[in-house]
Amino acid sequence: DRFANYLVIQFTSLAMLKWREQILDWLQQNIAIDNILCVMDDNAAKQEGTEPFSIWQQEGKGSTIANFREHDVELTVDLKAAQKTGYYLDQRTNRMQASLAMQPGSLLDVCCYQAGFSLVAAKHAQIERIVAVDSSQRALEAAEQHAARNAVEGIEFQKADCFDYLQQLAQEKQ
């Protein structure tokens, strides 16, 4: 994923990890960026029998904080503290397409992370009520900061296990 002048690369296998230096060298030479954060999370490392890591290609160069804009929404992500590669940029098209397809009414954003779908919908759809649910308090705090930064009001943030929350809604016939 690319955030402003930074790339975040997540390695998920030893087979790709063997090519790390070649991949990083090529990216550095062919893309105008300041630095690359390389990540292998706990689950992937355990599966591959190695140690997790989160390291900059050029240690000490740049910031772990990246500011960027997506679909008229101003966002900030802490690259070192984020889940996976930071903001699920692979979903950027889906966030806009979903908001354009939404009819007036309510939105339930389950596993919302930093509320990407909620924020884009609040800006581009006629949504009357948004409930954004995630199990991570840190993600919800970032989501609330994003909402405030973008003057988006009325999103109801809920900290809950998403499956339990959905089951509760079903029991309440909502």
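Before any of the text, the structure's been laid out above.
Please read these numbers as outputs of a predicted model, since none were measured by experiment.

A.B. asks: Sorry if this is basic, but what is going on with the sheet that holds strand E1 (residues 2-3) here?
C.D. replies: The pairing of strands in a sheet comes from backbone hydrogen bonds and takes either a parallel or an antiparallel form. One open sheet accounts for 4 strands, arranged E1-E2-E3-E4; its pairing is mixed. Edge strands, defined here as strands with exactly one partner in the open sheet, are E1 and strand E4 (53-56). Summarising the sheet, strand E3 (residues 35-40) and E4 pair through 4 bridges and their orientation is antiparallel. Bridging from a neighbouring strand, Val39 pairs with Ser54 of E4. Across the face of the sheet, helix H2 (residues 20-30) comes into contact with strand E2 (6-10), E3 and E4 while running at roughly 150° to E3.

A.B. asks: I tried to follow the pairing of strand E7 (residues 105-110) on my own but got confused; where do I start?
C.D. replies: Looking along a regular strand, one sees the side chains alternate between the two faces of the sheet. Bridge count for E7 against strand E8 (residues 127-134) is 6 bridges, and the pairing is parallel. Considered in E8, the bridge of Asp109 is made with Ala132.

A.B. asks: I'm lost on helix H7 (residues 162-171) in this one. Help?
C.D. replies: Count 3.6 residues to each turn of an α-helix, and residues three or four apart come out pointing the same way. Those residues of H7 not exposed but buried are Cys162, Tyr165 and Leu169. Looking straight down H7, one finds that the buried residues subtend no more than 60° of arc, so they occupy a single side. Counted as exposed and oriented over 90 degrees from the buried face of H7: Phe163, Ala170 and Gln171. Looking at the buried positions of H7, the neighbouring elements they touch are E7, E8 and strand E9 (155-159). Among the residues of H7, the N-terminal cap falls to Asp161, whose side-chain oxygen and the backbone nitrogen of Phe163 are separated by 3.1 Å.

A.B. asks: I'm lost on unusual backbone geometry in this one. Help?
C.D. replies: The general pattern is negative phi for most residues beyond glycine and trans for most peptide bonds. For Cys111, which is not glycine, the phi torsion reads 60° and is therefore positive. By the secondary structure assignment, Cys111 is in the loop between E7 and helix H5 (116-124). Judged by relative accessible area, which is 48%, Cys111 ranks as partly exposed.

A.B. asks: What am I meant to see in the environment of Ile36 here?
C.D. replies: Tracing the backbone shows Ile36 in strand E3. Residue Ile36 is classed as buried on the basis of its relative accessible area, which comes to 0%. Counting along the chain gives 127 residues from Ile36 to Phe163, while the straight-line C-alpha distance between them is 35 Å. Excluding anything up to four places from it in sequence, Ile36 contacts Leu7, Ile9, Leu24, Leu27, Gln28, Ile55, Trp56 and Gln57.

A.B. asks: Would you explain the pairing of E2 in this entry?
C.D. replies: Most of E2 is tucked away, with 4 of its 5 residues classed as buried. Hairpin remark: E1 followed by E2, antiparallel, with 2 residues in the connecting loop; positive phi at Ala4, about 50°. Strand direction decides the pairing type here: E2 and E3, joined by 5 bridges, are parallel. Each bridged residue has a counterpart across the sheet, and for Leu7 the counterpart in E3 is Ile36.

A.B. asks: Before we go on, may I ask you to explain H2 in this structure?
C.D. replies: Listing the buried residues of H2 in full gives Arg20, Leu24 and Leu27. Angularly, the buried residues of H2 cover 65° about the axis, an arc narrow enough to put them on a single face. Opposite its buried face, H2 presents the exposed residues Trp26 and Gln29, each directed more than 90 degrees away. In this structure, the buried side of H2 is in contact with E2, helix H1 (14-17), E3 and E4.

What counts, and at which threshold
Residues numbered from 1 in each chain as written. Predicted model: local features only at pLDDT ≥ 70, side-chain atom pairs only at ≥ 80, totals over all residues. Heavy atoms only, no water. Pairing = 2+ DSSP bridges. Helix = DSSP H or I, 4+ residues; strand = E, 2+ residues; numbered from the N terminus. Contact = heavy atoms within 4.5 Å. Axes fitted to C-alpha atoms, helices over the stretch in contact; angles between N-to-C directions. Buried < 20%, exposed > 50% of the residue type's maximum accessible area, 1.4 Å probe, protein only. Arc of directions from axis to C-beta. Polar contact = N/O pair within 3.5 Å; in protein donor to acceptor, adjacent residues only side chain to side chain.

None of this, on its own, says anything about what the molecule does.
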